[in-house]
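The lines below spell out each chain.
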Amino acid sequence: MPHMYNYELVRSARAQAQVFDTAKRPDEDGLKDKVREDAAVAWQYFDRLFERHDHLVTGTAWEIGGNIEGWPFLTMWDMGSFFSACVVAHKAGLIDQKAFEAPVMAGLEALDRHRFKTSKLNLPPVDFPLGRMKSELVGYDSADTGRLLNCLAILDRYTNGVFPVEDLVKSW
């Protein structure tokens, strides 16, 4: 085992835990209303960009002279955020079932179409284009894919496995 500096200091460290009185809860109704208001504001970003790329939304966009411009690629981190936003908007009642299903299916289909292929693996790509541009990045990003997998698990649990999430992940 390699030498560890300050071994005694590390060995003597102790964690402190605090126990809170669970009987004293914040105003849950007020908190739910505030979270719903915040979710509605955040959802506006996605709502404004859905029609540009067949229900797929880039993670970075800005407004110039009244026009919305955006990064023309979608990373796997962005895809995770996209699925999470759909779940939250649906759960908060901001969108109905049809408005929830269309972007989720578009995202899953896009993930199924775009792959980074290496040796015997089919992996989610580092990014894929939302328009006609070609991505200059070729490869795979494990951190972005980790976030995507987390968000896909949340989507799958939220919908009780209705979408083909498991099949998609198995195909990688």
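This text goes with the structure placed above it.
Residues numbered from 1 in each chain as written. Predicted model: local features only at pLDDT ≥ 70, side-chain atom pairs only at ≥ 80, totals over all residues. Heavy atoms only, no water.

A. Summary view of the packing of aromatic side chains. Throughout the structure, instances matching the rule amount to seven aromatic pairs. Between Trp 43 and Phe 46 the ring centres are 5.6 Å apart and the planes differ by 20 degrees, which places this aromatic pair in the stacked class. One end of the pair is Trp 43 and the other is Phe 46, both in helix α2 (residues 28-49) and three residues apart, which spans about a single turn. For the pair formed by Trp 43 and Phe 46, the shared burial category is buried. With a centroid separation of 5.9 Å and 80 degrees between ring planes, the pair formed by Phe 100 and Tyr 158 is classed as edge-to-face. (Phe/Tyr/Trp six-rings, centres within 6.5 Å; stacked < 30°, edge-to-face > 60°. Helix = DSSP H or I, 4+ residues; strand = E, 2+ residues; numbered from the N terminus. Buried < 20%, exposed > 50% of the residue type's maximum accessible area, 1.4 Å probe, protein only.)

B. Looking closely at the side chain of Thr 159. Relative to the helices and strands, Thr 159 resides in the loop between α5 (142-158) and α6 (165-171). We classify Thr 159 as buried; its relative accessible area is 10%. Only 2.9 Å separates the side chain of Thr 159 from the backbone oxygen of Leu 155, close enough to count as a polar contact. (Polar contact = N/O pair within 3.5 Å; in protein donor to acceptor, adjacent residues only side chain to side chain.)

C. Representation of the pattern of salt bridges within the structure. One pass over the structure, following the stated rule, counts three salt bridges. Residue Arg 48 is joined to Glu 63 by a salt bridge in which the shortest nitrogen-to-oxygen separation is 3.4 Å. Pair noted here: Arg 48 is in helix α2 and Glu 63 is in strand β1 (residues 61-64), with a separation of 15 residues, a long-range link. One salt bridge in this structure joins Glu 166 and Lys 170, with 3.0 Å as the shortest N-O distance. Taken together, the residues span about one helical turn, with Glu 166 and Lys 170 both in helix α6 at a distance of four residues. Take Glu 166: its relative accessible area is 47%, and that puts it in the partly exposed class. Note on Lys 170: relative accessible area 60%, which makes it exposed. (Salt bridge = Lys/Arg side-chain N within 4 Å of Asp/Glu carboxyl O.)

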